[in-house]
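# Structural characterization, general
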Amino acid sequence: MFDFCRRIALTLVCLMLAGCASTPAYRFVDPGYGDTRYDGFIAYAAFTDLAIEAAFEQALCKRLLAAGHACTPMLDAAPPTREQDGASRHAASRASGAQASIVIELADMDSVSRRVIGQARPAYNVRVVDNADQLVAVQLAIESPAGARAAVSQQADALARQIVAALDQAALLYQRP
C-alpha cells in the first residue's frame, strides 16, 4: 500500500513538472542585443503588494544565483523604507552594478484578449532592460505555469524557472568558465 501511494505521488510530481515545462513563453530579442550576454541582474517585480513583490524578486534571484549569475532583488537595492518611484529604482539599478534589470509585470487581466482568448489566466510581461543603454533588450510573454489558485511562492518559483529557461534558450546568459 505504501509503495502504491509513493508511485501515485511520484506520478503527480512528474505531471506537475511536465505541465510547467509546456507553459508557453514567447521571447522577443531586439536584434541589436542578439550577441549580448548578461551575468549580473537586478530583479524588479512591479507589483503594488510588497509581499508578492518580494516573493517574485527573491524567487528569480534564487534561480539566477543557482544558475551561477549575480542577482539583487530591487527591494534590497531600493528598499521600501525610502522613496519609491521610477527615478529611485532607476538610480538603484544603475548603482547596483548589474548589467541588466529584469522587470516583471502582470499582464492586463481586464483586456478582452486575456478574458476571452486567454481564459482569464494570469500571464506576465517580462522585460530585460540593458542597464548601460537603458533600452529593452528582451521582451518575454509568459503564461502562468502555476495557475491563479497556487500559493504565491509556487507562482513566483514557476515564473522564475520560466524566465531563466527563456533567457538560457535565447543564449542571453553569460556562461562562466
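For the structure given in this document, a descriptive report is provided here. A quick note: this is a predicted structure, and the numbers were derived from the prediction, not measured.

Think of a pair of aromatic rings as described by two things: how far the centres are apart, and how the planes are tilted against each other in angle. On inspection of all chains with the given rule, the structure shows three aromatic pairs. Aromatic pair Phe56 and Tyr124: ring centres 5.7 Å apart, planes at 45 degrees, arrangement tilted. With Phe56 in helix 2 (residues 50-66) and Tyr124 in strand 5 (residues 123-130), this residue pair connects regions lying 68 residues apart in the sequence. Residue Phe56 is classed as buried on the basis of its relative accessible area of 4%. Overall, Tyr124 belongs to the buried group, its relative accessible area being 3%. An aromatic cluster of three or more residues is present, and its members are Phe47, Phe56 and Tyr124.

As for its position among the elements, Val164 is in helix 6 (residues 152-169). Taking the C-alpha atoms as reference points, Val164 and Leu64, separated by 100 residues in sequence, lie 6.7 Å from one another. In this view, Val164 contacts Leu60, Arg63, Leu64, Ala67 and Leu173; residues no more than four positions away in its chain are not counted.

Where side chains of opposite charge bring their charged atoms close, a pairing between them can arise. Under the criterion given, the structure shown has three salt bridges. Where Asp157 meets Arg63, a salt bridge forms, and the shortest distance between an N and an O atom there is 2.9 Å. Here Arg63 lies in helix 2 and Asp157 lies in helix 6, a separation of 94 residues in the sequence. The exposure class of Arg63 is partly exposed, given its relative accessible area of 29%. Of the charged contacts, one joins Asp157 and Arg161 as a salt bridge, the two residues approaching to 2.8 Å between their closest N and O atoms. Linking Asp157 with Arg161, this pair stays in helix 6, spanning four residues, or about one helical turn. Among the charged side chains, a network of salt bridges with common partners joins Arg63, Asp157 and Arg161.

Cut-offs and rules
Residues numbered from 1 in each chain as written. Predicted model: local features only at pLDDT ≥ 70, side-chain atom pairs only at ≥ 80, totals over all residues. Heavy atoms only, no water. Phe/Tyr/Trp six-rings, centres within 6.5 Å; stacked < 30°, edge-to-face > 60°. Helix = DSSP H or I, 4+ residues; strand = E, 2+ residues; numbered from the N terminus. Buried < 20%, exposed > 50% of the residue type's maximum accessible area, 1.4 Å probe, protein only. Contact = heavy atoms within 4.5 Å. Salt bridge = Lys/Arg side-chain N within 4 Å of Asp/Glu carboxyl O.

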